[in-house]
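# Descriptive analysis of the structure
So the chains spell out like this:
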Amino acid sequence: MAFGIGGNKGSDPPVVQGVVIGEAVPPPADGKWGNTEPSGDYVQEDYAREFNGLKGEHQPKRFHDVFWGILFVAHLGFMGYLLYETLTNSFANGDDEADIADYVELDYSGVAIHTSVCAVSAIGISMVSLGFLMRHAKELVKMSLFFSVAMSLAVGVLGLLGGQIYMAVLGFIGAALGACYAWSIWSRIPFAAANLNTAITGVKANMGLAVIAFFYLIVAFVWSVWWIAAAGGSLQYYGGWIVFLFLISFYWVHQVIQNTVHVTSAGVIGTWWFVPSEASRCCSPAVKDSFVRATTFSFGSICLGSLIVAIIQALRALNNMTKEQDECNFLHCIIDCILGCLESIIEYFNKWAYVYVGLYGYSYIDAGKNVMRLFQNKGWTVLITDSLVENVLFMMACGIGLITGLIGYVYAKLDEDVFAGLYIEDAGVPGFLIGLFVGFLMGSVLLSVVESAVNTVIVCFAESPGEFQTNHPMLSREMRAAWKEAWPSECAEM
């Protein structure tokens, strides 16, 4: 990260935006990568500098996109009011004696214990999976390609067995396309493996990111329960017209949660890239500082980008809800396709924009424009569309889910009375399904941090490969070799 303005004097090396060309960027005086006040020649300015197309500039401490942050908090306040009204009305109405007489008491304690065992197991398996990913990155990337083809084939076979010709055709076409895709990108496997290895190294050095991710998983669960109670009670009084607003509310909060973790991860990996001494333990200063920035100065930017995606997701959900009541299914499919494309484009934009928000503290729009301009100047617009890493992480999440499901099955078989409070006699199947769901969810949460780290690694490597060579020479050599092999023309100057 650069601070201040440099100039060329005499035989001094050329300086651009405070960065000495060809040399590593010196860290701030306090060694922190974030909103700090360094001393010496690199003095932070009190105004935002214009992006030079080569490297981001650290932005001064100020709140960005404030209106959207205030709107989000106000919306939460309103949802809190609706929840209060729903609970108040529920307690005021009470239950009549007939309902009480017919009420069957259910005991969920066994489910809670079983779910807790599965959750703890899933966390342990997820942690172990990081080391497994590092040691066998290339093999797992190859496996993910075969996994994708196998999943499509499975859909096709199930379609044939079930007499669903349309489903079978789609499955076999997907398998054929997956095989062609695997053949075309086989040479880029070392590239994806190098990115994964570097990202996981950064995450394992700052496992506090996993704590934040799991904390937000709990927040997401609490919000889902809150939303169900508030929306369910309010629809009785306000009618169906408010459904769309409730859908926006639901998706907006979940998007904010997801993107807060993404921005926090970007800030931490940025610190690890430039100042590894400040990001080398579980609860490092980088984790704390990045989390604080994401939930304060950059929170409005997170809310803005999240709202755009939430509106599209709400429109898609509303379209799917009305599809069952309308005979124009073809029109609904066209609308869903258009909305799906829009959602993918905006999520793609957000993925890279929030890296710059986490690294430099730009506003949402500036971050998106600047990071895309960076990739265009580097000629990396094709490179950043590579989805090999996402395939690997999805496969790993499925694997974690299956292993946890087996643990849940064994636990349920050892304690046949675990679901007795719900009057379920055969505990094996529900035990496996609960374990599968919990394992996939917990694995996806941790691996989402890895995905954010991979995106940050790509941005940092585009900007500052020299600093990476200085601070992490072994990883740098691996990445340079892999990138040049996969993208010889785009990475010729490395």
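Residues numbered from 1 in each chain as written. Predicted model: local features only at pLDDT ≥ 70, side-chain atom pairs only at ≥ 80, totals over all residues. Heavy atoms only, no water.

### Looking at the pattern of salt bridges
- Under the defined criterion, the tally for this structure stands at 5 salt bridges.
- Among the salt bridges present, the one from Glu 343 reaches Arg 316, with a minimum N-O distance of 2.9 Å. Separated by 27 residues along the polypeptide, Glu 343 in helix α11 (residues 329–360) and Arg 316 in helix α10 (residues 299–323) bring together distant segments of the chain.
- Under the relative-accessibility criterion, Glu 343 is labelled buried at 11%.
- The structure contains a network of salt bridges with shared partners spanning Arg 316, Asp 336 and Glu 343. (Salt bridge = Lys/Arg side-chain N within 4 Å of Asp/Glu carboxyl O. Helix = DSSP H or I, 4+ residues; strand = E, 2+ residues; numbered from the N terminus. Buried < 20%, exposed > 50% of the residue type's maximum accessible area, 1.4 Å probe, protein only.)

### Some points on the packing of helix α12 (residues 364–378) against helix α14 (residues 428–463)
- Where α12 contacts α14, the two axes come as close as 11 Å, and the packing angle between them is 55°. Classified by the angle their axes make, α12 and α14 are oblique. You can see that α12 and α14 cross each other, and the crossing is left-handed. Of the residues in α14, those in contact with Val 371, Leu 374, Phe 375 and Lys 378 of α12 are Ile 458, Val 459, Ala 462 and Glu 463.
- In terms of residue class, the contact of α12 with α14 is built from 6 nonpolar, no polar and 2 charged. (Axes fitted to C-alpha atoms, helices over the stretch in contact; angles between N-to-C directions. Parallel < 35°, antiparallel > 145°, perpendicular 65-115°, else oblique. Left-handed = near helix turned anticlockwise from the far one by under 90°. Contact = heavy atoms within 4.5 Å. Nonpolar A, V, L, I, M, F, W, Y, C, P; charged D, E, K, R; others polar.)

### Thoughts on the nonpolar core
- The biggest cluster of nonpolar side chains holds 115 residues, and the ones touching the most others in it are Leu 133, Leu 196, Tyr 356, Leu 447 and Val 459.
- Within the second largest apolar cluster, 5 residues are counted, among which are Val 111, Ala 412, Val 418 and Ala 427. (Core = buried A, V, L, I, M, F, W, Y, C linked by side-chain atoms within 4.5 Å.)

### A word on the layout of surface pockets
- Its boundaries defined by the atoms lining it, the largest pocket holds a volume of some 1,700 Å³.
- Gln 258, Leu 441, Ser 444, Val 445 and Ser 448 are, among the 46 residues lining the largest pocket, the residues nearest its centre.
- Where the lining of the largest pocket is concerned, the elements lending two or more residues are α3 (109–135), α7 (208–238), α8 (243–274), α11, α13 (388–414) and α14.
- If you tally residues by element for the lining of the largest pocket, the top one is α14, at 12 residues.
- Residue composition of the lining of the largest pocket, grouped by class: 25 nonpolar, 16 polar and 5 charged. (1 Å grid on protein atoms, 1.4 Å probe; cavity = no way out; pocket = protein on both sides within 12 Å on 5 of 7 lines; lining within 4 Å. Points joined across faces, edges and corners; volume = space filled by probe spheres on them.)

### Concerning the confidence of the model for the protein
- Summary statistics for the protein give a mean pLDDT of 82 and a share of 82% for residues scoring 70 or more.
- Confidence over residues 1–47 falls short of pLDDT 50; this stretch has 100 contacts with residues more than four positions distant or in other chains.
- In the predicted structure, residues 95–103 sits below a pLDDT of 50 and forms 1 contact with residues beyond four places in sequence or in another chain. (pLDDT = per-residue confidence, 0-100.)

### Some words on the packing of α8 against α14
- Put simply, α8 and α14 touch, their axes get as near as 8 Å, and they point 50° apart. Relative to α14, the element α8 lies oblique. Pair α8 / α14 crosses with right-handed handedness. For the pair α8 and α14, the contacting residues are Val 261, His 262, Ser 265, Ala 266, Ile 269, Gly 270, Trp 273 and Phe 274 in the first and Val 449, Ser 452, Ala 453, Asn 455, Thr 456, Val 457, Cys 460 and Phe 461 in the second.
- Counted by class, the contact of α8 with α14 contains 10 nonpolar, 6 polar and no charged residues.

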